[in-house]
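As a plain string of letters, each chain reads:
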Amino acid sequence: MTRSLIAIFVALLTLSPVWAQDEKLDDLSFEEAPLKDEAIPYFAIGVGPVFNFVFASTTDVNAQAKSLGLGEIKAPVFQLGAEIFTAVGVIPNLRLGFSWVSGSATTSANVVVGGTTVNRTLLYGIASRTFHLDYAWVPVKSLAILPGLGFGWGDQRVEMYQSTNEMDWTKLTDTSSFAPAPNAYTALKQNTLYLLPRVNIEYSVTPFLNLRLQAAYTWQFTGSDWVGNQYATVKNVPDNISVSGLNLQFGVFVGLFN
């Protein structure tokens, strides 16, 4: 009898932890806990064409055009070029790039000079080369907003020329003039330094194709003397002839984008 009671007591001690574990199992929840979204570091390396529109002031250029009997140059100045960029791996979301763009706007008209009709043209052109440093913020997948700052150098030029319908090769060697009247050509040029704050909105259509819409502002903080025909120093050029102005840009890039 005693042995039977001892056996029952040992059995109860053995089964009691099992019953306790069964009760705890009822309290367990097998619902999936929400996974935390991990921020994926921005990465991009790309190259492609850019189409840039510069809304520089053309007031003083147009005053010169009017004095030559020409119509106004209409802003913006359209520039075509390219940009290349890559993420800076040691600093998350930072991107380094380089762009080069150039373009011009013209106004032309036929005018009579000394009884001869010539075609007269005034051209205003801007060329720019810029290093860019941008910081990427990715609010949703495939979309990146990148504020940044650029430092660049380039030039602006004003060209005025006129020509008859025909010219004689033998008369072009006349030492009195390389462009015998009423033909004429004058080119003015200034080298520029500028800062370019900008904001890019970019969308990765695929991991290999990226589209950009950009707003920027060119601020020319210095410029060289104006030079005429690559030799003469040009005086009294208005200070308002400057590359400073709003920029709007569209770009298409190929490469690798996350």
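Residues numbered from 1 in each chain as written. Predicted model: local features only at pLDDT ≥ 70, side-chain atom pairs only at ≥ 80, totals over all residues. Heavy atoms only, no water.

Engineer: Go over the overall build of the protein, please, and point to the residues and values.
Structural biologist: Scanning the protein from N- to C-terminus turns up two helices and 11 strands. Counted from the first residue to the last, the protein has its helices and strands arranged as α-β-α-β-β-β-β-β-β-β-β-β-β. A total of 258 residues make up the protein; the buried ones form 34% of that total. Here the contacts in the protein between residues at least 6 apart in sequence split such that 72% fall between residues at least 24 apart. Summing over all exposed atoms, the protein offers an accessible surface of approximately 16300 Å²; the carbon and sulfur share of this is 64%. (Helix = DSSP H or I, 4+ residues; strand = E, 2+ residues; numbered from the N terminus. Buried < 20%, exposed > 50% of the residue type's maximum accessible area, 1.4 Å probe, protein only. Contact = heavy atoms within 4.5 Å. Areas by Shrake-Rupley, 256 points an atom, 1.4 Å probe, with all protein chains shown as cover.)

Engineer: Now, about the layout of surface pockets: what can you tell me, with residues and values included?
Structural biologist: Of the volumes computed, that of the largest pocket is approximately 430 Å³. Along the wall of the largest pocket there are 21 residues; nearest its centre are Val138, Val140, Lys141, Ser142 and Asn258. Mapped by element, the contributors of at least two residues to the lining of the largest pocket are β5 (137-140), β6 (143-163) and β7 (184-206). Its residues assigned to classes, the lining of the largest pocket shows 13 nonpolar, six polar and two charged. (1 Å grid on protein atoms, 1.4 Å probe; cavity = no way out; pocket = protein on both sides within 12 Å on 5 of 7 lines; lining within 4 Å. Points joined across faces, edges and corners; volume = space filled by probe spheres on them. Nonpolar A, V, L, I, M, F, W, Y, C, P; charged D, E, K, R; others polar.)

Engineer: Give a detailed account of the side chain of Ser99, specifying residues and quantitative values.
Structural biologist: Position of Ser99 relative to the elements: it lies in strand β3 (residues 94-113). At 2.8 Å, the side chain of Ser99 forms a polar contact with the side chain of His132. Ser99 has contacts with Ala82, Glu83, Ser128, Arg129, Thr130 and His132, leaving out every residue within four places of it along the chain. (Polar contact = N/O pair within 3.5 Å; in protein donor to acceptor, adjacent residues only side chain to side chain.)

Engineer: Mind laying out helix α2 (residues 59-67), listing which residues take part and the relevant values?
Structural biologist: Every buried residue of α2 is listed here: Val61, Asn62 and Ala65. Projected down its long axis, α2 carries its buried residues within an arc of 95 degrees, all on one side. Opposite the buried face of α2, at more than 90 degrees from it, the exposed residues are Thr59, Lys66 and Ser67. Gly69, located one to two residues past α2, shows a positive phi value of around 80 degrees. (Arc of directions from axis to C-beta.)

Engineer: Describe the pairing of strand β11 (residues 245-257), with residues and values.
Structural biologist: As paired elements, strand β1 (residues 44-56) and β11 share 11 bridges and run antiparallel to each other. In the sheet register, Asn52 faces β11, and the bridge partner there is Gln249. Summarising the sheet, strand β8 (residues 209-223) and β11 pair through 10 bridges and their orientation is antiparallel. Residue Thr218 lies in a different strand from β11, and its bridge partner there is Gly245. (Pairing = 2+ DSSP bridges.)

Engineer: Got a sec to walk through empty space enclosed by the protein? Specific residues and values, please.
Structural biologist: Tallying each qualifying case throughout the model produces one cavity of 30 Å³ or more. The space that makes up the largest cavity amounts to roughly 170 Å³. Lining the largest cavity are 18 residues, and of these Asn52, Val101, Ser128, Leu196 and Asn247 sit closest to its centre. When the residues that make up the lining of the largest cavity are grouped by side-chain class, the tally is six nonpolar, 10 polar and two charged.

Engineer: A description of the environment of Val227 should follow, citing residues and the corresponding values.
Structural biologist: Positionally, Val227 belongs in strand β9 (residues 227-228). Take Val227: its relative accessible area is 31%, and that puts it in the partly exposed class. Distance in space between the C-alpha atoms of Val227 and Asn191 is 9.3 Å, their sequence separation being 36 residues. For Val227, the contacting residues outside a window of four places in its chain are Ala187, Leu188, Lys189, Ala232 and Val234.

Engineer: Let's hear about the pattern of salt bridges: which residues, and what values?
Structural biologist: Oppositely charged side chains are able to pair whenever their charged atoms sit close together. Summed over all chains, the structure comprises eight salt bridges. Put simply, Arg198 and Glu83 hold a salt bridge, and the shortest N to O gap is 3.1 Å. Within this pair, whereas Arg198 is found in strand β7, its partner Glu83 is found in strand β2 (residues 77-87), the two being separated by 115 residues in sequence. One exposure class covers both Arg198 and Glu83, and it is buried. Taken together, the salt bridges that share partners define one network made up of Glu83, Arg95, Asp134, Arg198, Glu202 and Arg212. (Salt bridge = Lys/Arg side-chain N within 4 Å of Asp/Glu carboxyl O.)

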